[in-house]
There are 2 protein chains.
Amino acid sequence: MPKQVDHAARREEIAQAALRLCARDGLAGVTIGQVAQEAGVSKGLVQHYFAGKADLLRASAHVLRGEIERHILEAVRDARGPADTLRRVLLAVVELGVTAPIPLLAGHAFLARAVADPEIRDLYRAGGDAVHREIAALLAASAPAPDVDPGAEAHALLGLARGLSDGVLLGDLGVGDAAAIVDHHLRRILPGAAIGSDSPS
Amino acid sequence: MPKQVDHAARREEIAQAALRLCARDGLAGVTIGQVAQEAGVSKGLVQHYFAGKADLLRASAHVLRGEIERHILEAVRDARGPADTLRRVLLAVVELGVTAPIPLLAGHAFLARAVADPEIRDLYRAGGDAVHREIAALLAASAPAPDVDPGAEAHALLGLARGLSDGVLLGDLGVGDAAAIVDHHLRRILPGAAIGSDSPS
DNA sequence: GATATCACGATACGGTCGTATTGCAAAAAG
DNA sequence: CTTTTTGCAATACGACCGTATCGTGATATC
């Protein structure tokens, strides 16, 4: 057998380039030729690793999902308990607007496709559901106030974080402001937990 | 002078078709030819009313802004007071996911462009700021709880509504669930006001 | 009614799209 | 060293893109 390369790695590399174009020019800018140029490879190579444009976009969507998952997992790596973990997850989502605008924008680009494409839709919903379940579980484990319904509150918190991330992305509000808003809501929901700085002035 | 037509009306008509394509296929699907077909006119006519694709997209963005504004104004037409108005505004944003997915999706499509294009960015931010100021004013006029900062709370409510609208759009949660979440938060912020049904069971 | 002006359609053109096809260098297997 | 399989580049081709240009019919003015 001839020389061997890591197919999966190459595919992900190219898909990352596709996501970068996604973020810059929207889904419109994802072109075989442009992707090849962005990835620094030949147009033919992109063809070699992807059956077609649909395959490329599908793979990019999966890479995107992994990218966001990695980002969140990294944020909660050394959390100090369920309440702190919950806070870090929400802040990680909010801060996507400044620390990882590419996955955030690419996600928005794929959102439009998710309405029509069942596969993208399922992918999108599966990711959202996973975060939702995680938030609900963390919420239930964080000694919430008695009137808090973990499922509904998880939707509220995730919706809040996602909505704020757009504001942060466009500069409508700073990460500090957004973090303060998240912390404020967490303090109300989790009256017993210490949210944010250990010594809230 | 030859026959006269309402230029502004024709432009808006074509721009509406462009927004429809925006929502269906993302910003990628906005093509002079496709827009012409969607609007039921000839390709040359689109050229006649728009200097180019950039002009078309610019006009579409402005039409989109007006569309969302109209949608919200319609929702608050016969509100019964500041608290009810505030609730209707937020629910109108949330319900965009089901009652007006086209403006919502088109808005998402333009979000990516807003990062790079200053004009779209200003348009986007101006609209967001207007809604934010309105929400803050309604909040201040609705006898809020003493610990509520109208500016920050307006960001929170708007972020929450926008985040929930995406969930509603994809079917992650129903409008009823989203409305309940919004109402729940409003009841906490506005302890004295009657939120939602007149007789909360 | 002649005429200038505008709405609108049709066509043309260079460029880029996605995809198919071909050619070649490199390396493991014999 | 030969062979065979794979990685990858290059080119070709039809379709469609955005834009420019020209042609035509209708209408308000003179």
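Residues numbered from 1 in each chain as written. Chains lettered and ligands numbered in written order. Predicted model: local features only at pLDDT ≥ 70, side-chain atom pairs only at ≥ 80, totals over all residues. Heavy atoms only, no water.

**Things to note about the overall build of chain A**
Tallying secondary structure elements over chain A gives nine helices and zero strands in all. Considered along the principal axes of its C-alpha atoms, chain A spans approximately 60 × 40 × 35 Å. Relative to its full complement of 201 residues, chain A shows a buried share of 46%. Here the analysis covers contacts within chain A between residues at least 6 apart in sequence; of these, 63% occur between residues at least 24 apart. In chain A, 21 positive and 25 negative side-chain charges are present, and the distance between their average locations comes to 6 Å. (Helix = DSSP H or I, 4+ residues; strand = E, 2+ residues; numbered from the N terminus. Buried < 20%, exposed > 50% of the residue type's maximum accessible area, 1.4 Å probe, protein only. Contact = heavy atoms within 4.5 Å. Lys, Arg positive; Asp, Glu negative; His and termini not counted. Charge placed at Lys NZ, Arg CZ, Asp CG, Glu CD.)

**Re the interface of chain A and chain B**
Tallying the contact residues gives 37 residues for chain A and 37 residues for chain B. Interface area, chain A with chain B, both sides summed: about 3100 Å², of which 64% is carbon and sulfur. One salt bridge connects arginine 125 of chain A with aspartate 172 of chain B, and the closest N-O pair in it is separated by 3.5 Å. For the pair chain A and chain B, the number of links is four residue pairs in polar contact (both at pLDDT 80 or more). Those elements giving two or more residues to the side of chain A that touches chain B turn out to be helix H1 (7–25), helix H6 (101–116), helix H7 (118–140), helix H8 (150–170) and helix H9 (175–189) of chain A. Per-element tally for the side of chain A that touches chain B: the top contributor is H8 of chain A, with 13 residues. For the side of chain A that touches chain B, the residue count by class is 17 nonpolar, nine polar and 11 charged. (Buried area = accessible area lost by both parts, 1.4 Å probe. Salt bridge = Lys/Arg side-chain N within 4 Å of Asp/Glu carboxyl O. Polar contact = N/O pair within 3.5 Å; in protein donor to acceptor, adjacent residues only side chain to side chain. Nonpolar A, V, L, I, M, F, W, Y, C, P; charged D, E, K, R; others polar.)

**Brief notes about the side chain of histidine 108 of chain B**
Mapped onto the elements, histidine 108 of chain B comes out in helix H6 (residues 101–116). Not counting chain neighbours up to four residues away, the residues in contact with histidine 108 of chain B comprise His108 and Leu111 of chain A together with Asp166 of chain B.

**Quick word on the relation of the copies chain A and chain B**
Related by rotation about an axis and a shift along that axis, the two copies of the chain form a pair. Of the transformation placing chain A onto chain B, the axial shift is 0.0 Å and the rotation is 180 degrees, giving an RMSD of 0.0 Å. These values place the two chain copies in the arrangement generated by a two-fold rotation axis. Here 100% of the interface residues in chain A have copies in chain B that are interface residues too; the copies meet face to matching face. (Least-squares fit on C-alpha atoms with pLDDT ≥ 70 in both.)

**Focus on the nonpolar core**
Membership of the largest hydrophobic core comes to 64 residues, with the highest contact counts inside it found for Leu86 of chain A together with Leu86 of chain B. If we skip the residues at most four places from it in the chain, leucine 86 of chain A touches Ile135, Leu138, Leu139, Leu157, Leu186 and Leu190 of chain A. (Core = buried A, V, L, I, M, F, W, Y, C linked by side-chain atoms within 4.5 Å.)

**Some points on helix H4 (residues 53–75) of chain B**
Here H4 of chain B contains 23 residues, and its C-alpha end-to-end distance of 33 Å stays within 8% of the 33 Å for a straight helix at 1.5 Å per residue. If you check which residues of H4 of chain B are buried, you get Asp55, Leu56, Leu57, Ala59, Ser60, Ala61, Val63, Leu64, Glu67 and Ile72 of chain B. (Expected span 1.5 Å × (residues − 1).)

**Description of unusual backbone geometry**
Residue and element names in this part refer to chain A. With a phi close to 50 degrees, alanine 143 is a non-glycine residue in the positive phi region. Relative to the elements of secondary structure, alanine 143 occurs in the loop between H7 and H8. Judged by relative accessible area, alanine 143 falls into the exposed class, the value being 56%.

**Quick look at the packing of H4 of chain B against helix H5 (residues 82–99) of chain B**
All names here are of chain B. Interaxial distance between H4 and H5 falls to 9 Å at its minimum, and their mutual angle equals 125 degrees. What the angle tells us is that H4 and H5 run oblique. Relative to H5, the crossing made by H4 is right-handed. Contacts between H4 and H5 involve His71, Ile72 and Ala75 from the former and Arg88, Val89, Ala92, Val93, Leu96 and Thr99 from the latter. For the contact of H4 with H5, the per-class residue count stands at six nonpolar, two polar and one charged. (Axes fitted to C-alpha atoms, helices over the stretch in contact; angles between N-to-C directions. Parallel < 35°, antiparallel > 145°, perpendicular 65-115°, else oblique. Left-handed = near helix turned anticlockwise from the far one by under 90°.)

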